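So the chains spell out like this:
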Amino acid sequence: MIKSFKFCPNCGHSINNFDFRRMSCNNCDLVYYQNVAAAVAVILKKEDKILFTVRNKEPKKGMLDLAGGFIDPDESAERSCQRELEEELGVTIPLEDFNYFTSQPNNYEYKGIPYKTCDLAFVADFPEKEIILEKEEIAEIKWISINDINLNDIGFDSLKRVVEMYIASLK
Ligand SMILES: [Zn+2]
């Protein structure tokens, strides 16, 4: 996964020791890990509907997504949910109102670099506040009824599985 690095960032020597999440240099002591990145996704619900965002950026531009994103350093998963909703939708939800649902591994490729993530999914009630969209990342939002969701419209495999599991949990 980190084979795109050709040279040691410490000494400049050629690198050819890779395993699935680390590289090491034969010439100096450098060992570099690319660990799994944690991310959050929020199922925002209102009656029988879920709020989906439509991605305005690659990867998966134009496809459905859940509000969320990568967890920042020194941040809890709940705070990450809260911050991402503030940034993407302009809506603030109390930390205690995010209920953990499940997690799924995912592949996220950005500008040619493949990242392995673990997506933590939370459920929260929509607080009926005005939404102010972050238009660079999100083209529009769609409230979709549970019965009308087409899983193939969802961009990331991890979130397809999350939504599929959520729908199953309601039956
Ligand atoms: Zn080196």
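On a predicted model such as this, the values are computed, not experimentally measured, just so you know.

Draft legend 1. Focus on the coordination of the zinc ion. Taken together, Cys-8 (SG), Cys-11 (SG), Cys-25 (SG) and Cys-28 (SG) make up the full set of protein donors to the zinc ion, lying 2.3 to 2.4 Å away. Geometry at the zinc ion is tetrahedral, judged from the 4 donor atoms that bind it and their angles of 105 to 116° at the metal. Summarised as a motif, the one-chain spacing of the donors to the zinc ion is C-x2-C-x13-C-x2-C. Cys-28 matches Cys-25 in its accessibility class, with the two residues each being buried.

Draft legend 2. Helix H2 (residues 157–169), seen in detail. Between its terminal C-alpha atoms H2 stretches 18 Å, which fits the 18 Å expected from 13 residues at 1.5 Å a residue. Three or more residues of H2 are buried, namely Ser-158, Leu-159, Val-162, Val-163, Tyr-166 and Ile-167. Seen end-on, H2 carries its buried residues on one side only, within an arc spanning 165°.

Draft legend 3. How the structure looks around the UniProt feature "domain: Nudix hydrolase" (unreviewed entry) in the protein chain. Sequence positions flagged by UniProt for "domain: Nudix hydrolase" (unreviewed entry) are, in local numbering, residues 33–166. Split by type, residues 33–166 is 17% helix and 43% strand. Its first and last C-alpha atoms lie 33 Å apart.

Criteria and thresholds
Residues numbered from 1 in each chain as written. Predicted model: local features only at pLDDT ≥ 70, side-chain atom pairs only at ≥ 80, totals over all residues. Heavy atoms only, no water. Donors = N, O, S within 2.8 Å, 3.2 Å for Na, K, Ca; no water. Tetrahedral: all angles 85-135°; square planar, octahedral: opposite > 155°, others 65-115°. Buried < 20%, exposed > 50% of the residue type's maximum accessible area, 1.4 Å probe, protein only. Helix = DSSP H or I, 4+ residues; strand = E, 2+ residues; numbered from the N terminus. Expected span 1.5 Å × (residues − 1). Arc of directions from axis to C-beta. UniProt positions renumbered as here; feature names shortened; annotations may be inferred.

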